[in-house]
Amino acid sequence: MTLPAFEGCGIELEYMVVDAATMDVLPIADQVLRDAVRRQGAEAGGAVEPAGSAHPSGPVCDVDRGDYGWSNELVAHVLELKCMRPVADLRQLAAGFEAEVRWMNGLLAGHGARLMPTAMHPWMDPRRQTRLWPHDPQGIYATFDRIFDCRAHGWANLQSMHVNLPFKGDAEFARLHEAIRIALPVLPAIAASSPWSDRRAGAWLDMRLMHYRDNARAYPSITGAVVPESVDSRAAYEARILQPMYAQIAPVDPQRVLAHEWLNARGAIARFDRSAIEIRVLDVQECPRADIAVAATTCALVKALFDGWHGDASASPLEAPRLAGVLQSCARDGEAAVIEDADYLARLGVPASRCTAAEAWRHLVATLADAPGQEAPRGARLAPDWRVPLERILRQGPLARRMLRAVGPQPSDGALHAVADALADCLAVGRMFEGLD
């Protein structure tokens, strides 16, 4: 059902499946999803299997658990947890996702495995350890692999949170898309959780976004500048963004296997098949409460911008490369990034010509939370539930900063293992990461 803007929100969280002892990635998602169907049938009395699921003796790609669901995409060491329909109040999701994580970890324990959060595995070798999802009857993943070579970090080693915001009609789509374009650049400053790649600190706090930006470099129309181009209608979106992708990839995809809107790899993509825009620049955090706090902050900011919080509605849109410069700075330096684009800050609603991302976020959170002396647009207010996790992020930096602080930029293998284990513990019990004991 098509919903008007901000009448609901859909959240997807991606987690790594790892060996509980070694913390190496473990490509058993297909086995675990099959076990999940069997367990769910047993919990229901063994009479009925979940609607739409394959028989447990065959491949299972999705498990419907009512309000929540589990699935897999592309690689066999990743499981995705999602709410099965948009929710109007994000506060219900934190506890629900935590319960689902406990349920899945119970299944994984039988395989000597567990779920691990954050956006990149610190020491995964994608050339050696990648196993593509084997159940691909349409050949979509095989086509991706043939064209792009998916045995690389930008395909096989990146886990994110997707925030899906609905729209109804062309006018809402264009307005929502423009609001998201303005919000995107500063989001990594609070969401970065991927400081390591190949056992060492990377050039960016958000290495996932760096690898994501470059994973289709031979076909630049697919990712663009990560921040999407400004459009004023669905027709303009299809002409400016979708059709150039399909044309550029056509020589290597003559059967048009990938000629669909999900080929788009920008940081926010229009999903006209479900009348929503999917935000993709958010790294997955250490526990669902932290994820939903980041998602709620994102939604509140986008809603404020959608409502014309600041700026001249008649002003020309900021070009994607200009916004991408701010995004890259925040993905590289996190909360310490310096934003020097006064026009961008004005449109974001920050009364400064130059400030750090941390200063910008402190102002935004205070305003959106309707703190004394501040005024938030109606409907864009941050619930008090997110005060504690957001305060930790604002005070101590994004998760990537806290991870680096725990062991330094050149950690030993033992220190990396200790952090990975501690993060998996955080996910298992639903607490935020503060460092190593």
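Residues numbered from 1 in each chain as written. Predicted model: local features only at pLDDT ≥ 70, side-chain atom pairs only at ≥ 80, totals over all residues. Heavy atoms only, no water.

Glancing now at the overall build of the protein. Looking only at helices and strands, one finds 16 helices and twelve strands in the protein. Since a compact globule built from 437 residues should have a radius of gyration of about 22 Å, the 21 Å found for the protein is in line with a globular shape. Its C-alpha atoms give the protein principal-axis dimensions of about 60 × 55 × 40 Å. The buried share among the 437 residues of the protein stands at 59%. Contacts spanning at least 24 positions in sequence make up 73% of the contacts within the protein whose residues lie at least 6 apart. Only carbon and sulfur atoms are counted for the fraction: they give 49% of the accessible area of the protein, which is about 17,100 Å². (Helix = DSSP H or I, 4+ residues; strand = E, 2+ residues; numbered from the N terminus. Rg over C-alpha atoms; globule rule 2.2 N^0.38 Å. Buried < 20%, exposed > 50% of the residue type's maximum accessible area, 1.4 Å probe, protein only. Contact = heavy atoms within 4.5 Å. Areas by Shrake-Rupley, 256 points an atom, 1.4 Å probe, with all protein chains shown as cover.)

This paragraph deals with the packing of aromatic side chains. Inspection of every chain in the model, using the stated rule, returns twelve aromatic pairs. Clustering of aromatic rings is evident, with ring pairs tying together F144, F148, W155, Y219 and W262. One Lys or Arg, R65, reaches over the ring of W103 and ends 3.6 Å from the middle of that ring. Directly above the aromatic system of F6 lies the positively charged group of K303, at a separation of 5.7 Å from the ring centroid. (Phe/Tyr/Trp six-rings, centres within 6.5 Å; stacked < 30°, edge-to-face > 60°. Lys NZ or Arg CZ within 6 Å of the ring centre and 35° of its normal.)

Take the nonpolar core next. Counting residues in hydrophobic clusters, the biggest one holds 137 residues, and the most contacted among them are I11, L90, L115, F148, V163, L301 and W361. In terms of residues, this core owes the most to one element, helix α10 (residues 288-306), which gives 13 residues. If you look at the next biggest cluster of nonpolar residues, it comprises 22 residues, including M23, L399, L416 and A420. (Core = buried A, V, L, I, M, F, W, Y, C linked by side-chain atoms within 4.5 Å.)

This paragraph deals with the environment of D370. For D370, the position within the fold is in the loop between α13 (357-368) and α14 (387-396). For D370 and P384, which are 14 residues apart along the polypeptide, the C-alpha to C-alpha distance reads 9.9 Å.

Next up on the list: the pattern of salt bridges. Overall, the coordinates contain 38 salt bridges when judged by the stated rule. With a shortest N-O distance of 3.9 Å, E43 and R65 are connected by a salt bridge. One end of the pair, E43, is in helix α1 (residues 29-43); the other, R65, is in the loop between β2 (62-64) and β3 (68-71), and 22 residues separate them in sequence. Through salt bridges with shared partners, a single network forms among E12, R274, E278 and R280. (Salt bridge = Lys/Arg side-chain N within 4 Å of Asp/Glu carboxyl O.)

This paragraph deals with the pairing of strand β5 (residues 113-116). Here β5 shows a buried face lined by A113 and L115 and a second buried face lined by R114 and M116. Here four bridges tie strand β1 (residues 10-19) to β5, and the two strands are oriented antiparallel to one another. Bridge pairing links D19 to A113 in β5. (Pairing = 2+ DSSP bridges.)

With respect to the secondary-structure elements, P389 resides in helix α14. Look at P389 and you get buried, because its relative accessible area is 1%. In the structure, P389 is positioned 363 residues away from L26 in sequence and 30 Å away in space, judged by C-alpha atoms.

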